[in-house]
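Coordinates in review
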Amino acid sequence: MSTRLQPHWHCYILARMLATPRCPFDIGTFGRFETTVITVTPSATAQSPTSPDPWSFGRFAALLGLYCAIHFLLRLSLSDTIGVDDAIEGVFTQSLAPGYDPRQPPLYTWLLWLVQRVTGPSLLSFLILKYGLLSATFLLYYKIAERLFDDTRYATLTAWSLLLLYQIGWNLHEGVTQTQVLMLACIATLYTFLRASDRGTTSSYALLGLAIGAGLLAKLSFSAFLGCLAVGALSTPRVRSTLLSPRLLITLGVAAIVVAPYAWWLVDGATDLDSVFRSAVGGGDNTDYLPRVGKGLLSALLTTLGFLSPLLPILLLLFPNSLRRHFTVPGTDTGVQRLIGIMMATGLLLLVLGVLLAGVSGYKERWLHPFLLVAPLYFLCRVRGVNPTPGRLRVYLMIVIGISTIVVGLRPAHLVVGPPLCNKCRPLVPYAKLADALAQAGFTTGTIVVRNGNTAGNLRAAFPEARIYVLNNPTYEPPIAPSDSGRRCLVVWPMKRDQNGFPADGSKYLSLSPADIQGLSIKRVDIPWGHLWRPADHRVSSWGYVLFDGPRGRCT
């Protein structure tokens with residue numbers, strides 16, 4: 001017998017909608033209201049079966065694992081060359097130290113050192129760490145979006161939107177070391193801050209301190225993200241008390257303990273951080289103030305647009321009204337919404353202040369993570385506010401999937417074809433063949449002296465028992481074991497086609513006089529890159545090397 005719908009009839013309709021099986025990527029029910037005639041008994045409402053949420057955290061994690069596995073296996077199978085950013089880190093992992101390079105805090109190196117205790121200094125260790133950090137970043141980003149929205153579907157779309165940032169969707173796969181830890185530390189700090197705001201427990205404040213300490217050990221620019229978070233929190237009444245709580249002293253204490261070894265290393269080495277900063281961001285530009293400001297502001301604008309691409313153009317195309325007006329977004333936590341919005345605005349303001357006050361004359365896109373990493377949260381919140389049609393959301397999701405698929409398709413071409421798809425094409429440099437040539441010449445273990453980290457890191461992977469000394473990183477002195485004394489010494493340097501003999505600054509390699517260098521037997525190795533259709537010698541890498549026995553100069 002039909003019964004009249006009770007005042008809670010809308011709960012039954014929602015239960016029926018959730019009980020309907022859907023494809024994991026079906027967003028047809030977004031914003032859709034159906035008029036349905038329902039015949040129901042009161043007992044049937046409570047017993048309606050429900051299916052698992054296709055947009056749940058578990059399913060997102062499974063798809064993320066698949067995404068990372070595809071890129072992991074692609075890189076591992078197509079090239080065994082260690083990338084430019086990773087190579088010098090492989091040299092630093094010869095020892096565990098409180099610091100290695102004043103320009104880069106040591107957390108990434110410490111994590112890599114731990115992984116290499118199991119895998120050795122091979123490419124595998126870098127990939128394990130890379131995609132482990134990436135996975136953790138995306139998972140925490142989802143949890144923050146889940147906290148912001150009342151709908152797991154928007155949480156999923158927000159997390160996947162990270163792939164529409166070029167620096168994450170493409171550049172992260174072939175570059176980026178410390179920035180990976182920085183990304184995770186920023187998101188972990190925001191997540192633990194919201195957790196402390198919700199719970200207010202001692203343990204939640206301690207976790208926040210751990211995340212902040214990790215961020216300060218990840219990259220010096222983490223302080224910019226911390227500043228954005230502080231301004232946002234103080235400007236948001238719902239979370240302001242989190243910063244004003246006495247328990248914040250626990251946070252500061254834990255962060256201080258975590259950072260202490262590195263801070264002491266910097267102080268003990270009398271590092272001039274101001275000089276490091278100015279040399280990194282162009283603060284030493286001696287041009288007049290107004291031209292420098294103009295150059296810096298233009299750089300801030302262009303790099304911001306570059307960092308947010310192609311995410312921002314796609315959102316403007318599909319949801320043009322989302323950025324045109326202010327509104328209260330239904331179905332969101334208004335406190336978190338306000339916090340994210342102020343963090344985004346503060347990040348942009350800091351970029352401008354860096355130009356006006358700190359003399360920054362140029363930014364690079366890869367520096368902007370601490371300023372703009374919350375952008376997908378901010379943009380998708382505004383998209384939710386205009387209640388887009390299911391068709392628009394479906395198109396957006398298909399674009400994310402399509403661009404990610406294109407990246408997967410381009411990476412093999414980039415790693416196999418090389419030019420003209422890349423310029424320097426560092427993953428294709430034949431370091432493995434160089435190592436084979438050096439092994440055939442008689443080197444197995446001892447000390448290797450090189451100028452740059454690219455060659456050093458790849459030779460360390462080939463000769464894991466050797467001691468590697470890099471001239472361009474004089475602040476790091478590799479350890480000398482008693483067994484090193486008197487072993488073979490190998491000096492390697494890049495050569496041009498028309499070059500012969502020791503490099504002009506060769507005396508630095510061995511701390512020898514020019515007369516002593518003349519007595520060394522210098523050899524040359526030329527290695528063609530090979531190609532799918534071009535002549536094998538279309539591109540050739542050349543190195544010179546000297547191999548001798550006994551202690552001398554940099555070799556013990």
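In short, a report on the structure.

About the thresholds
- Within every chain, residues take consecutive numbers counted from 1 along the sequence as written.
- Local features in a predicted model are, by the rule used here, given only for residues with pLDDT of at least 70; side-chain atom pairs are given and counted only at 80 or more, and totals for whole chains, interfaces and linings are based on all residues.
- Hydrogens and waters are ignored; side-chain quantities use all the structure's heavy atoms.
- Secondary structure is summarised from DSSP: a helix means a run of H or I of at least four residues, a strand means a run of E of at least two, and numbering begins at the N terminus for each.
- Here a polar contact is taken to be a pair of N or O atoms separated by no more than 3.5 Å, where protein atoms must pair a possible hydrogen donor with a possible acceptor and residues adjacent in sequence count only if both atoms sit in side chains.
- For this analysis, residues touch if any pair of their heavy atoms sits within 4.5 Å.
- To count toward a patch, a residue needs a relative accessible area above 30% and no salt bridge. Like charges then connect within 9 Å, nonpolar side chains (Val, Leu, Ile, Met, Phe, Trp, Tyr) within 5 Å.
- Per-residue accessibility takes into account occlusion by the displayed protein chains alone, with areas from the Shrake-Rupley method and a 1.4 Å probe.
- Salt bridges are defined by distance alone: a side-chain nitrogen of Lys or Arg within 4 Å of a carboxyl oxygen of Asp or Glu.
- Accessibility here uses a 1.4 Å probe with only protein chains present; expressed as a share of the type maximum, an area under 20% marks a residue as buried, one over 50% as exposed, and anything in between as partly exposed.
- Only buried Ala, Val, Leu, Ile, Met, Phe, Trp, Tyr and Cys residues count toward a nonpolar core, and they belong to the same one when joined by side-chain atoms within 4.5 Å.
- Disulfide assignment relies on a single distance test, namely cysteine sulfur atoms paired within 2.5 Å.
- Pairs of strands are assigned from DSSP output, requiring at least two bridges between the strands.
- In this analysis, axes come from line fits to C-alpha atoms, helices being fitted only over the stretch in contact, and the angle between any two N-to-C directions falls in the range 0 to 180 degrees.

Once that is clear, we can look at the side chain of Thr177. Following the sequence through the fold, Thr177 ends up in the loop between helix H9 (171-174) and helix H10 (178-199). There is a polar contact of 2.5 Å between the side chain of Thr177 and the side chain of Gln178. Beyond its immediate chain neighbours, meaning those up to four positions away, Thr177 contacts Asp85, Asp86, Glu89 and Tyr108.

Turning our attention to a nonpolar patch on the surface. On the surface, Tyr289, Leu290, Leu297, Leu349, Val352, Leu353, Leu356 and Leu357 cluster together into a nonpolar patch covering about 730 Å² of accessible area. Mapped by element, the contributors of at least two residues to the nonpolar patch are helix H16 (289-307) and helix H18 (334-356). If you tally residues by element for the nonpolar patch, the top one is H18, at four residues. Its relative accessible area of 31% is what places Val352 among the partly exposed residues.

If you look at the biggest cluster of nonpolar residues, it comprises 131 residues, and the most contacted ones within it are Phe138, Leu190, Leu308, Leu377, Tyr396, Ile448 and Leu459. Considering every element that reaches this core, the biggest residue donor is helix H6 (residues 123-148), with 14 residues. Those residues in contact with Leu377 that lie beyond four places of it in its chain are Tyr141, Ile144, Ala145, Leu148, Thr158, Leu190 and Ile340. In terms of nonpolar packing, the next biggest core, distinct from the first, is built from 11 residues, Val449, Cys489, Trp493 and Met495 among them.

Quick look at the state of the cysteines now. Applying the stated criterion to the full structure yields zero disulfides. Lacking any disulfide linkage, Cys228 is separated from the closest cysteine sulfur, that of Cys186, by 9.1 Å.

Strands sit in the order E2-E1-E3-E5-E4 across an open sheet of five strands; the sheet is mixed. Looking along the sheet, the strands with just one partner apiece sit at the ends: strand E2 (467-470) and strand E4 (522-528). Ignoring which end each strand starts from, the neighbouring axes of this sheet average 25 degrees apart. Judged from the four bridges that link them, strand E1 (residues 447-450) and E2 form a sheet pairing that is parallel. Residue pairing in the sheet places Thr447 in a bridge with Arg467 of E2.

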